[in-house]
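Observations on the three-dimensional arrangement
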Amino acid sequence: MSKVEIFEVGPRDGLQNEKRFIATQDKVALVDCLSRAGFRRIEVASFVSPKWVPQMADSGDVLRQITRAAGVRYAALTPNLIGLEAARAARADEVAVFASASEGFSRANLNCAIEESLQRFAPVMQAAAQAGIPVRGYISCVTDCPFDGATPPPAVARLAAQLRAMGCYEISLGDTIGRASPDSISAMLRAVLEEVPADQLAGHYHDTGGMALANIEASLEYGVRVFDAAVGGLGGCPYAPGASGNVATEAVHEWLAGMGWQTGLDRDVLAQAAQLARGLCEGEG
Ligand code: HMG
Ligand code: MG
């Protein structure tokens, strides 16, 4: 049977959007449950400015307090060197830089132009390479931007090539506001695949428009075999208006299993984690 990996991003991409501060011990309990589900990679932390994303301010404590499972890599976002140093101190197994394919979102999310964000990532890439830490690269707004409208596929391809050349081992393609369709995802992938092979790509599709599974299906056709998802369908992005709702891990798992793909995940543990995740966010709008 053919394999697909789900990269769990709920504790980071999911929880970062929650307005009520979630206690560190509750985040740790969620990660510990996810660690039993069979993931190879779980994004648990984000070393960004606590003024920008207060929910992630305890990222170091989360990484220090989780019970690490053998064979699982615990990942963290690191937009600059301050973030990378904090991630190293907390023993993140891998880190991620994150850029935008659109200028409007780059400004809103990173407070700088796309080109400047790449300049900020350069020392992160260098220091991570010296420390032997793998770096993933995210691209936001790969088809649509809440500020600039439709994103031209060549812009995504160019940025993907740049991130790869800088040393990112995988490029995660984000439909940040969940507005993509199988057609727009396919057009974007055709352009990106001219620069980066499918085995170095991941799909990161938010489900705001209810199209995430269809977009995963379209991406499978192009050879993409890694998909980001958030248990319980948590989250969104605090700097992308209307970006609520990552595609739910358990829904992706069920759908893939139904189509005959193997994810290596334990459905019962996933259900427990989804219940935990939803409990953490009860009462949120
Ligand atoms: P800035 O204000 O331009 O940068 O923010 P700065 O260097 O002038 O720093 C401002 C303050 O932040 C300073 O503190 C720094 O020390 C501090 P002050 O002097 O004011 O007290 N600072 C930091 N503190 C902790 N950790 C750090 C750090 N860096 C600076 N790493 C910055 C630039 C990048 C910091 C800011 O814009 C920021 O934190 N942005 C992050 C926004 C964010 O986290 N967004 C959500 C994640 S991305 C996402 O969700 C999309 C994704 O899921 C894919 C998709 O769906 O598309 C990945
Ligand atoms: Mg996201």
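Structure: above.
The paragraphs below set out a description of the structure included in this document. By convention here, each chain's residues receive numbers from 1 onward along its written sequence. Here every chain gets a letter starting at A, and every ligand a number starting at 1, in the order they are written. Totals for whole chains, interfaces and linings use every residue, but because this is a predicted model, local features are given only for residues with pLDDT of at least 70 and side-chain atom pairs only at 80 or more, for both listing and counting. Side-chain descriptors were evaluated using all non-hydrogen atoms of the structure, hydrogens and water having been removed beforehand.

1. Regarding the overall build of the protein
Only runs of H or I of at least four residues qualify as helices and only runs of E of at least two qualify as strands under DSSP, and these elements are numbered from the N terminus. The number of helices and strands found in the protein is 11 helices and 10 strands. Relative to the 2.2 N^0.38 estimate, which gives 19 Å for 285 residues, the radius of gyration of the protein is 17 Å and therefore close to what a compact globule would have. Dimensions of the protein, computed from the C-alpha atoms along their principal axes, are close to 45 × 40 × 35 Å. Throughout this description, buried means an accessible area under 20% of the type-specific maximum (1.4 Å probe, protein chains only), exposed means over 50%, and partly exposed covers the range between. Every one of the 285 residues in the protein was classed for burial, and the buried ones make up 56%. When checking whether two residues touch, look at their non-hydrogen atoms; a contact exists if any pair is within 4.5 Å. Pairs at least 24 apart in sequence give 75% of the contacts found in the protein among residues at least 6 apart. Calculation of accessible area relied on Shrake-Rupley with a 1.4 Å probe; when residues are assessed, cover is drawn exclusively from the protein chains displayed. Total accessible area on the protein is roughly 11,300 Å²; 50% of this is exposed by carbon and sulfur atoms. Distance between charge centres in the protein, computed from 24 positive and 33 negative side chains, equals 5 Å. Radius of gyration: over C-alpha atoms. The globule rule applied is 2.2 Å multiplied by the number of residues raised to the 0.38 power. Note that His is not counted, nor are the chain ends; the positive residues are Lys and Arg, and the negative ones are Asp and Glu. We put the charge of a Lys on NZ, of an Arg on CZ, of an Asp on CG and of a Glu on CD.

2. Some remarks on the layout of surface pockets
Using a probe with the size of a water molecule, rolled over the atoms, empty space left in the structure can be pinpointed. In this analysis, the protein atoms alone were mapped onto a 1 Å grid. Cavities are point sets where a 1.4 Å probe fits without being able to get out; pockets are open sets with protein on both sides within 12 Å along at least five of seven lines; lining residues have an atom within 4 Å of a point. Grid points are joined across faces, edges and corners, and a volume is the space filled by probe spheres set on the points. The volume enclosed by the largest pocket comes to roughly 560 Å³. Taken together, 31 residues make up the lining of the largest pocket; nearest its centre are Val48, Pro79, Phe98, Asn109 and Leu110. Within the lining of the largest pocket, the residues separate by chemical class into 16 nonpolar, 12 polar and three charged. When residues are grouped by polarity, Ala, Val, Leu, Ile, Met, Phe, Trp, Tyr, Cys and Pro land in nonpolar, Asp, Glu, Lys and Arg in charged, and all others, Gly among them, in polar.

3. Let's talk about the site of ligand 1
Taken together, 28 residues lie near ligand 1, and Gln16, Asn80, Asn109, Ser140 and Thr176 sit nearest. A distance of 2.5 Å is found between an oxygen atom of ligand 1 and a side-chain nitrogen or oxygen belonging to Thr176. Considering ligand 1 on its own, with 1,100 Å² of exposed area, one finds that the protein chains cover 74% of that surface. Mapping ligand 1 onto the cavity grids shows that it belongs to the largest pocket. Only helix H1 (10-14), helix H4 (81-89), helix H5 (103-110) and strand E5 (135-140) provide two or more residues apiece to the shell around ligand 1. The residue inventory of the shell around ligand 1, partitioned by class, reads 13 nonpolar, 11 polar and four charged. Working definition: residue near molecule or strand if any one of its non-hydrogen atoms lies within 4 Å of it. N or O atoms closer than or at 3.5 Å make up a polar contact, with two conditions inside protein: a donor-capable atom paired with an acceptor-capable one, and, for residues adjacent in sequence, both atoms drawn from side chains. For this analysis, a molecule is said to be in a pocket or cavity if more than half of its atoms are within 2 Å of the grid points defining it.

4. Observations concerning the coordination of the magnesium ion (ligand 2)
Distances decide who is a donor: an N, O or S atom must be within 2.8 Å of the metal, or within 3.2 Å for Na, K and Ca. Water is not included, so sites may look incomplete. Within the protein, Asp13 (OD), His204 (NE2) and His206 (NE2) serve as the donor atoms for the magnesium ion (ligand 2), at 2.1 to 2.3 Å. The sequence pattern describing where the donors of the magnesium ion (ligand 2) fall on their chain is D-x190-H-x1-H. Of the two residues, His204 and His206, neither departs from the other in class, the shared state being buried.

5. Here we look at the packing of aromatic side chains
Between two aromatic rings, the relevant description is the distance of the centres plus the angle of the planes. Here is the rule: rings of Phe, Tyr and Trp (six-membered ring for Trp) pair when centre to centre is within 6.5 Å. Planes less than 30 degrees apart are stacked, more than 60 are edge-to-face, and the remainder are tilted. Applying the stated rule across the entire model yields one aromatic pair. On the basis of an interplanar angle of 50° and a centroid distance of 6.4 Å, the ring pair of Tyr205 and Phe227 is categorised as tilted. Residue Tyr205 is found in strand E9 (residues 201-205), and its partner Phe227 is found in strand E10 (residues 226-229); the two are separated by 22 residues along the sequence. Note on accessibility: Tyr205 and Phe227 belong to one class, buried. By definition, being over a ring means that NZ of Lys or CZ of Arg is both within 6 Å of the ring centre and within 35 degrees of the ring normal. Between the NZ or CZ atom of Arg73 and the centre of the ring of Tyr169, over which it lies, the distance is 5.5 Å. Taking NZ or CZ as reference, Arg136 lies 3.9 Å from the ring centre of Phe7, over its face.

6. Side note on the packing of helix H9 (residues 212-221) against helix H10 (residues 249-258)
Interaxial angles span 0 to 180 degrees and are taken between N-to-C directions of axes, which are lines fitted to C-alpha atoms, for helices over the stretch in contact. In contact at an axis separation of 11 Å, H9 and H10 are set at 50° when each is read in the N-to-C sense. As far as their axial angle goes, H10 and H9 are oblique. By crossing handedness, the relation of H9 to H10 is classed as right-handed. Residues Leu213, Ile216, Glu217 and Leu220 of H9 form the contact with H10, whose participating residues are Ala251, Val252, Trp255 and Leu256. For the contact of H9 with H10, the residue count by class is seven nonpolar, no polar and one charged. Small angles under 35 degrees read as roughly parallel and large ones over 145 as roughly antiparallel, with 65 to 115 read as roughly perpendicular and the rest as oblique. Note on convention: the crossing is left-handed when the near helix lies turned anticlockwise from the far helix by less than a right angle, right-handed when the turn is clockwise.

7. Digging into empty space enclosed by the protein
In the structure shown here, the tally under the stated rule is one cavity of 30 Å³ or more. What the largest cavity holds in volume is close to 30 Å³. No other element matches helix H6 (residues 114-131), which puts three residues into the lining of the largest cavity. Of the residues belonging to the lining of the largest cavity, the class tally is four nonpolar, one polar and one charged.

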